[in-house]
Each structure stands twice: as structure tokens, then as C-alpha cells.
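One letter stands for each residue in the lines below.
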Amino acid sequence: MYRVTTRLGGSPFGLPSELDNIINSSWVGGWKDNVIRRCVILQSYTMLGYYPLEHAVWAGTIAPKLFPLDVATLSRLSCVFWVLWIVIDIYATHRRWQELKRMETKLKMNGSLTANNKAKIERSRRSLIRYTLRLVLYLPNAIHWTLDEKSKFALADWMVNALGLAEAVLGTYTYVNGDSISRPKIEE
């Protein structure tokens, strides 16, 4: 959740936190699968492309005489990095699902699937479902914003707004619900 919030609302502060993740794997969330770790780090590399472009767009929009940039092209290019981030996260979330399933199977086999552990796994599973849905809601808009306004593949304004609203409502629900995509802490 922090990563998404930072990307959307804290753009000026995004680069330091992405660099921290690249160096320290700080957003892996305790998952053991090394592919998840590599995906999360790769996502940070995509943001190293995204943030400078977003900053340039901001500067070119606020002070166009001082920064005479083609902000429309830079904005579309920044969204290409966002699309990559989402696609990588969809794959990483798929790997999280797989690890969660392996964890549950292992606990069943060694007799450690207590009611408490099962509840933690189920809570994690529900959080991952909602997180995946959020990514699916992000993706069409992210792709839309990579396109020229005149593209025949561009979404209608009402669709962009509806997808954004749906994601915002779901995001608020997940925040209030305390969802986490980190690996659940299981007593073995």
C-alpha cells in the first residue's frame, strides 16, 4: 500500500524510497520466493524511469517558458513505466499466491495448520484478491495514458473516471480493512 500511495501522492519523495528498495529489498514483504524479490526490485527500476519524467511533466506544465518540454509525450512515456510496474506486480502477486498455497500445503502436511494459521492465510488470500483487482483496475487507465488522445484505443472519459473511482473505493476499503500483501506471519 505504501508503494502505491508514494507513487501516486508522494512523487517528489519516490526516488529515495525506490533506491532504498533496490539496495535493501525493503518492500519484499517477507516473501521467500526469490522471484518476488527480483520483481519488487525490478518495479523500483521502472519507477526510476517514471519519477524523473513525471517531475519534468510537472515542471513543464507549471513553468512552460522556463521548461519548454513536450509534456504530452513525456507524460505518455512516464505511463509506459507505470504499465511495466503494474504488469510486473501482477506477476509478483501471482507468485505470492503460489507461495501462499505452498505454505498452506506444507502446514497441512506437518499438522501445523491451526485455526489461527488458517485464518491468517485466508486473510492474506482475501487481501491478495483485492490487491489483484486494484491492479486490474489500474491497468486500463495506465495503458490509456500511454496513448495519444486521438488514438482509436483511448478510453472514453467516463470509463477512465469509472475505473479510477472503482479503484479509489476499493483502495479505501483495503486501507480501512488493514489489508496487506506481505507474507503472513505463521506459527510453525
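Residues numbered from 1 in each chain as written. Predicted model: local features only at pLDDT ≥ 70, side-chain atom pairs only at ≥ 80, totals over all residues. Heavy atoms only, no water.

(A) Focus on the environment of Ile 129. You can see Ile 129 is positioned in helix H5 (residues 115–144). The spatial distance from the C-alpha of Ile 129 to the C-alpha of Thr 73 is 34 Å, given a sequence separation of 56 residues. (Helix = DSSP H or I, 4+ residues; strand = E, 2+ residues; numbered from the N terminus.)

(B) Geometry of the packing of H5 against helix H6 (residues 157–177). Axis separation between H5 and H6 bottoms out at 9 Å; the angle between their running directions is 155°. When the axis of H5 is compared with that of H6, the two are roughly antiparallel. The two elements H5 and H6 cross, and the hand of that crossing is left-handed. On the side of H5, the interface is formed by Arg 123, Arg 130, Leu 133, Arg 134, Leu 137, Tyr 138, Pro 140, Asn 141 and His 144, while H6 contributes Met 159, Val 160, Leu 163, Gly 164, Ala 166, Glu 167, Leu 170, Gly 171, Tyr 173, Thr 174 and Asn 177. By residue class, the composition of the contact of H5 with H6 is 10 nonpolar, six polar and four charged. (Axes fitted to C-alpha atoms, helices over the stretch in contact; angles between N-to-C directions. Parallel < 35°, antiparallel > 145°, perpendicular 65-115°, else oblique. Left-handed = near helix turned anticlockwise from the far one by under 90°. Contact = heavy atoms within 4.5 Å. Nonpolar A, V, L, I, M, F, W, Y, C, P; charged D, E, K, R; others polar.)

(C) Structural detail: unusual backbone geometry. Residues other than glycine seldom take positive phi values, yet Ser 25 does so here, at roughly 50°. Tracing the backbone shows Ser 25 in the loop between helix H2 (11–24) and helix H3 (34–62). With relative accessibility at 23%, the residue Ser 25 sits in the partly exposed group. (Buried < 20%, exposed > 50% of the residue type's maximum accessible area, 1.4 Å probe, protein only.)

(D) How the structure looks around the nonpolar core. Core analysis: the largest hydrophobic core is formed by 22 residues, its most contacted members being Trp 82, Trp 85, Ile 86, Leu 100, Met 103, Ile 121 and Leu 135. Counting only elements with at least two residues in this core, the list comes to H3, helix H4 (71–109) and H5. Here this core takes seven residues from H4, the largest share from any one element. Residues within four places of Met 103 in sequence aside, it is in contact with Ile 121, Arg 183, Pro 184 and Ile 186. (Core = buried A, V, L, I, M, F, W, Y, C linked by side-chain atoms within 4.5 Å.)

(E) Region of the structure containing the packing of H4 against H5. Contact pair H4 / H5: the axes reach a minimum separation of 10 Å and the direction vectors enclose 160°. In terms of orientation, H4 and H5 fall into the roughly antiparallel class. H4 and H5 meet at a crossing whose hand is left-handed.

(F) Structural context of the side chain of Ser 127. As for its placement among the helices and strands, Ser 127 is situated in helix H5. Owing to a relative accessible area of 2%, Ser 127 belongs among the buried residues under this scheme. A distance of 3.3 Å separates polar atoms of two side chains, one belonging to Ser 127 and the other to Asp 179. Those residues in contact with Ser 127, other than ones at most four positions away along the chain, are Asp 179 and Ser 180. (Polar contact = N/O pair within 3.5 Å; in protein donor to acceptor, adjacent residues only side chain to side chain.)

(G) The layout of surface pockets, seen in detail. For the second largest pocket, the calculated volume is near 320 Å³. Lining the second largest pocket are 14 residues, and of these Ser 75, Arg 76, Cys 79, His 144 and Trp 145 lie nearest its centre. Those elements giving two or more residues to the lining of the second largest pocket turn out to be H3 and H4. Ranked by residue count, the leading element in the lining of the second largest pocket is H4, at five residues. (1 Å grid on protein atoms, 1.4 Å probe; cavity = no way out; pocket = protein on both sides within 12 Å on 5 of 7 lines; lining within 4 Å. Points joined across faces, edges and corners; volume = space filled by probe spheres on them.)

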